[in-house]
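Chain and residue survey
So the chains spell out like this:
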Amino acid sequence: MKKQIMIMGLALTALLCGCGRTGSAGTGLADGAGEETGISNETEVNSGDAGSPGAEGKLEGNGTSADGGEMVPGNGKVSENGGNTSGNGGEAAGNDGETVENGGNALGSSGEAAGNNGSASGRRTGGRTEESAAARVTQRGPYGEISVMLPDGWKYEAFPMDSEELINGDYGIHFYPDSAAEGFVEIAYIDSFGVCGTGLAQENAEIAGSPAGIGTYDGHAYWDFVSFGGQNDGVVALTYQVEDWWDTYGDAVTGILDTLTFDREKKEGGAYVLRQESENQEIGLYFSLKNVSAAGATLVYNQFDADAPTGELQDSEFFIIERCRDGEWEEVPVIVEGDYGFHDIACNIPKEEITERALNWEWLYGQLAPGEYRIGKSILDFRKTADYDKYTIYAYFILE
């Protein structure tokens, strides 16, 4: 057993980044790869602060997109920067796992592009532009690969894991007709999807070869969500500000959803996994993760009850990572030779706030292999010197 030595040092700091990618179905020839793929083959992905506006992605002569620029889940997810290049084989390349393929027939009408940057339209464009007579657009993540066929005259934006752009998803795709001034349909993987029953009408259907539950609130003309089951279980489609174009394009949306595939064999990246053990009611604290990779993650503390702690909540730099094997949790072997330690410093966790801290565990555990993990942190409810309560709280995650 290696001896842990506590040393003085600096506190951890939080790290935030953002990105998005966009495209359109049309006609074209790739310049970058020297093959007739029917789509552009070069990508430029630009990061930006959450909520900042950006320019609409435009196709240049060499197939490279111009610069690119919300309804955000409660834990404030932030997207990771990453780029990829499309090709005719349909395999993702890059950090975000997005692919665009050729093939298929047009499912809807064409129109003039009307891009927005995330203001009233609920859209932010940026990243890259793709062209094809009909494009199969995919987004890969830790649970599998989402894929739909878009017809000529439709645009899309694809977002990797932890993207702030999604209404309520972990990763997925926005798509909308060129002629639409605002609004989109989001199709995404949602680890835990729930709805309010007030004013909700539901019906069952079969879409893309899977059972699906269709939900509509308050009797309006368009549905609010489609929750898929069967082989597409976990995938949910949501509408956002589609009122102005639904009468014209609603049937085309249904046709697009009918092309959905969800391939659980094509996985990449990491994800936080919701578990009851991540919440401690005694101190009003919820512990989660985002930006999960093999080398680290962003720790997210949500202190939701100011009256629960009896003192000030604090954490330190100490942490432990365990892996689940055959139903049992065991600590991941450390790679450090000899003694190692953590900075002996207490960091406050403010009440009724969300606190984030970036953590790199590569120095201690190396790059983690694919698997199921949890990270443990010690939390103090500190009243005064030698007067405190100590709690251990875990956040769970997977790596693919």
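Everything below is about the structure printed above this text.
Below or above, wherever it landed, is the structure these notes cover. (Residues numbered from 1 in each chain as written. Predicted model: local features only at pLDDT ≥ 70, side-chain atom pairs only at ≥ 80, totals over all residues. Heavy atoms only, no water.)

**Section: the packing of aromatic side chains**
- Inspection of the entire model under this criterion finds 23 aromatic pairs.
- On the numbers, 6.2 Å between centres and 85° between planes, the contact of W154 with W245 is edge-to-face. Residue W154 is found in strand β5 (residues 154-159), and its partner W245 is found in the loop between β11 (235-240) and α1 (246-257); the two are separated by 91 residues along the sequence.
- Take W154: its relative accessible area is 0%, and that puts it in the buried class.
- Where Y340 meets W363, the ring centres are 6.4 Å apart and the plane angle is 70°; that geometry is what we call edge-to-face. Of this pair, Y340 sits in the loop between β19 (328-331) and β20 (347-348) while W363 sits in helix α2 (residues 362-365), and the two are 23 residues apart along the sequence.
- Assessed through its relative accessible area of 9%, Y340 is described here as buried.
- We classify W363 as partly exposed; its relative accessible area is 39%.
- The side chain of R275 reaches across the aromatic face of Y396, ending 4.6 Å from its centre. (Phe/Tyr/Trp six-rings, centres within 6.5 Å; stacked < 30°, edge-to-face > 60°. Helix = DSSP H or I, 4+ residues; strand = E, 2+ residues; numbered from the N terminus. Buried < 20%, exposed > 50% of the residue type's maximum accessible area, 1.4 Å probe, protein only. Lys NZ or Arg CZ within 6 Å of the ring centre and 35° of its normal.)

**Thoughts on the nonpolar core**
- Among the nonpolar cores identified, the biggest contains 52 residues, and F175, W245 and L257 are the most heavily contacted of them.
- Contacts of F175, omitting those with residues within four sequence positions, involve L150, W154, K155, Y156, F184, V185, I187, V253, I256 and L257. (Core = buried A, V, L, I, M, F, W, Y, C linked by side-chain atoms within 4.5 Å. Contact = heavy atoms within 4.5 Å.)

**Describing the sheet that holds strand β15 (residues 285-290)**
- Across the sheet, four strands lie side by side as β14-β15-β16-β21; this open sheet has antiparallel pairing. Either end of the sheet is taken by a strand with one partner, and the two such strands are β14 (279-280) and β21 (354-360). (Pairing = 2+ DSSP bridges.)

**Considerations on the pairing of strand β16 (residues 296-303)**
- Of all the eight residues making up β16, seven are buried; the element is thus mostly covered by neighbouring parts of the structure.
- Bridging between β15 and β16 involves six bridges; their strand directions are antiparallel. Bridging from a neighbouring strand, S288 pairs with V300 of β16.
- Two successive antiparallel strands, β15 and β16, enclose a turn made up of five residues, where N291 displays a positive phi of approximately 55°.
- Sheet topology note: the β16/β21 ladder contains seven bridges and is antiparallel. Bridge pairing links A297 to L359 in β21.

**Some details on the pairing of strand β3 (residues 135-141)**
- In terms of burial, β3 is largely enclosed, as seven of its seven residues are buried.
- The side-chain alternation of β3 yields two buried faces, one formed by A135, V137, Q139 and G141 and the other by R136, T138 and R140.
- Looking at chain direction, β3 and strand β4 (residues 144-150) are connected through seven bridges and run antiparallel. By the bridge assignment for β4, A135 is matched with L150.
- Hairpin connection of β3 to β4: two residues between the antiparallel strands.

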